[in-house]
Every structure is written in C-alpha cells, then in structure tokens.
Amino acid sequence: MMGLTVSACRTVPPVPPSAADAPAETGTWRGTATTQDKERIRGWYSSWQAALADARAKGFGADIDREGVLLQPMAALPNPHLPAGDYRCRTVKVGAQGRRDLAYIGYGWFRCRVAPEQGLSSLTKISGSQRPVGLIFPDNLKRQIFLGTLELGDEKMAVNYGSDRMRDMAGLIERIGDNRWRLVLPAPAYESLLDVIELVPAG
C-alpha cells in the first residue's frame, strides 16, 4: 500500500506554506503521495472556493453559513495534531460534479478512530457506507496531511493506496476549535467538489 497499510473584491489572506513545495523525502507525505494527490493538495484553496461558489449559486448559502468555521477555508488554528482515540465524525459535501448531484449534503454522525500506525497515526472511519482509511503525515504548523483510500459498502479491507485513482484520497487535517478538527478532502473522485469531515472526541 506504498507505506499506507492501515489496520465582490476582497483581499485574499495569504495561504500557509505547504510541504507540497519541498523536495520529496522517503517517509514524508510528498514522498508517498501520487501525482494526482499532490495536485489535490496544491489546489486545495481553489477547489474550496469553487465548491462554495457552486453551492451558493444553487441556493445552499444558508446551509454553508450555518456550518460556521467548519466550511471557512482559512479557519485553521495552530497545533493541528489529532490525538489517538475514538471520534464522532460527520461528512459535509459541498459543490456538485454532475447535474444530478446535490451541491450541499450534510450527513449525520458516524464513528472514526485515530491510532498509532507505522510511526505516524492512522485515521479510519469505522461506520457508514463510505469510509476513508489512511495515514496522517506532518506538514506545517496549521495542518497535517491525510493520504488514504476509500472503503465502500460491506468491504472488509481497504484497497492499496496508489492502485486505484478513483479510490485514492488526499486531504488536510486542521484544528478549528477546542477539541474540534476537520479533514478537508479537495476534488474527491465522486459526487462533490469538496468533502469536509468534522471530528470531535467521542464520549
């Protein structure tokens, strides 16, 4: 699994530097990520803006506003580390790839787990019909990078990262409050233009 085996005019704020622009090194996310996923990470901001614009244009502005900082691109806080443990997680899909897809969908809460893995941490969504599974890599002071694959339906094992570009996933893990994080997945393969998974500790 390529090291990913898992048990109006407005001034735009500066975008924090990313390891996407650093030399690739073995064991780093950039040394592991596919070319497609490096592009996803590089283009995260434009993907986010396109998703919000599409959803607002189709009448979902109030839904976006109601989500508050969860859907605000520059809301990341310092110290993005996601501690090991069990989490409640919910997915919000923003923007539509096709005419039949809704431009905003907010799902209910499911279960996710963060655990030590290969000297890093793994993030696994353990309930629901679409389940990201992958590793978390360091990036900068405000984000970590998630690389993984999508488990579907009643599958019991994730496909190998890099073996199916339609299953590969890449995203940003950011802290957006006290004991509140998000996994931002720009340009997902299916349905939406942006997926955001909110994570809060279970219990």
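Note that the coordinates shown come from a computational prediction; the quantities given were computed from them, not determined experimentally.

Asks: When you look at the overall build of the protein in this model, what are you seeing that I'm missing?
Replies: A count of helices and strands for the protein gives four helices and eight strands. Secondary structure elements of the protein occur, N-terminal to C-terminal, as α-α-α-α-β-β-β-β-β-β-β-β. Relative to its 203 residues, the protein shows a buried fraction of 49%. If you sum the accessible surface of the protein, you get close to 10100 Å²; carbon and sulfur atoms cover 54% of it.

Asks: When you look at the packing of aromatic side chains in this model, what are you seeing that I'm missing?
Replies: Each aromatic ring pair is described using two quantities: the centre-to-centre distance and the angle formed by the ring planes. On inspection of all chains with the given rule, the structure shows four aromatic pairs. Considering the side-chain rings of Tyr87 and Trp181, the 6.1 Å spacing of their centres and the 90 degrees angle between planes classify their relative orientation as edge-to-face. Of this pair, Tyr87 sits in strand β1 (residues 85–94) while Trp181 sits in strand β7 (residues 180–186); the two residues are 94 residues apart in sequence, bridging distant segments of the chain. We classify Tyr87 as buried; its relative accessible area is 4%. Among the aromatic residues, those joined into a ring-pair cluster are Trp44, Tyr45 and Trp48. Directly above the aromatic system of Trp109 lies the positively charged group of Arg90, at a separation of 5.8 Å from the ring centroid.

Asks: It is not clear to me how the pattern of salt bridges should be interpreted in this structure. Could you clarify?
Replies: Opposite charge on two side chains makes pairing possible when the charged atoms of those side chains draw close. Under the definition given, this model contains 14 salt bridges. Here Lys58 makes a salt bridge to Asp54, at a shortest N to O gap of 3.1 Å. Under the relative-accessibility criterion, Lys58 is labelled partly exposed at 44%. Under the relative-accessibility criterion, Asp54 is labelled buried at 18%. Among the ionic pairs, Arg66 bridges to Asp63, the shortest N-O distance being 2.5 Å. Here Arg66 pairs with Asp63, and both are found in helix α4 (residues 61–66), just three residues apart, close to one helical turn. Its relative accessible area of 60% is what places Arg66 among the exposed residues. On the basis of relative accessibility, which here comes to 19%, the residue Asp63 falls in the buried class.

Asks: So what exactly am I meant to see when it comes to unusual backbone geometry here?
Replies: Only a minority of non-glycine residues have a phi that is not negative, and only a minority of peptide bonds are not trans. The phi dihedral of Asn79 is positive, around 65 degrees, even though this residue is not glycine. One non-glycine residue with positive phi stands out, namely Glu191, at about 70 degrees. Mapped onto the elements, Glu191 comes out in the loop between β7 and β8 (194–201). The class for Glu191 is partly exposed, based on a relative accessible area of 31%.

Asks: Can you help me understand helix α2 (residues 35–42) in this one?
Replies: Working note: α-helix, 3.6 residues per turn, so residues spaced by three or four point in the same direction. Among all positions of α2, only Asp37, Lys38, Arg40 and Ile41 are buried. Angularly, the buried residues of α2 cover 155 degrees about the axis, an arc narrow enough to put them on a single face.

Asks: Could you clarify how one ought to interpret the sheet that holds strand β4 (residues 130–140) in this entry?
Replies: The pairing of strands in a sheet comes from backbone hydrogen bonds and takes either a parallel or an antiparallel form. Reading around the circumference, β1-β2-β3-β4-β5-β6-β7-β8 is the order of the eight strands in this closed barrel, with antiparallel pairing throughout. Taken over all neighbouring pairs, the strand axes of this sheet differ in orientation by 30 degrees on average, direction set aside. Note that strand β6 (residues 168–177) and β7 share five bridges and pair antiparallel. If you follow Gly177 over to β7, its bridge partner there is Arg180. Here α2 sits on the sheet in contact with β5 (143–152), β6 and β7, set at roughly 30 degrees to β6. Sheet contacts for helix α3 (residues 44–57): β1, β5, β6, β7 and β8; angle to β7, the most-contacted strand, approximately 90 degrees.

Asks: Would you explain the state of the cysteines in this entry?
Replies: By definition, a disulfide links the sulfur atoms of two cysteines through a covalent bond. What the rule picks out here adds up to one disulfide. Through a disulfide, Cys89 is tied to Cys112; the S-S separation comes to 2.2 Å. Judged by the sign of its S-S torsion, about 90 degrees, the bond between Cys89 and Cys112 is right-handed. A residue pair is termed long-range when its members are at least 10 positions apart, and Cys89 in strand β1 and Cys112 in strand β2 (residues 104–117) qualify at 23 residues. Grouping residues by exposure puts Cys89 and Cys112 together as buried.

Quick notes on the rules
- Residues numbered from 1 in each chain as written.
- Predicted model: local features only at pLDDT ≥ 70, side-chain atom pairs only at ≥ 80, totals over all residues.
- Heavy atoms only, no water.
- Helix = DSSP H or I, 4+ residues; strand = E, 2+ residues; numbered from the N terminus.
- Buried < 20%, exposed > 50% of the residue type's maximum accessible area, 1.4 Å probe, protein only.
- Areas by Shrake-Rupley, 256 points an atom, 1.4 Å probe, with all protein chains shown as cover.
- Phe/Tyr/Trp six-rings, centres within 6.5 Å; stacked < 30°, edge-to-face > 60°.
- Lys NZ or Arg CZ within 6 Å of the ring centre and 35° of its normal.
- Salt bridge = Lys/Arg side-chain N within 4 Å of Asp/Glu carboxyl O.
- Arc of directions from axis to C-beta.
- Pairing = 2+ DSSP bridges.
- Axes fitted to C-alpha atoms, helices over the stretch in contact; angles between N-to-C directions.
- Contact = heavy atoms within 4.5 Å.
- Disulfide = S-S within 2.5 Å.

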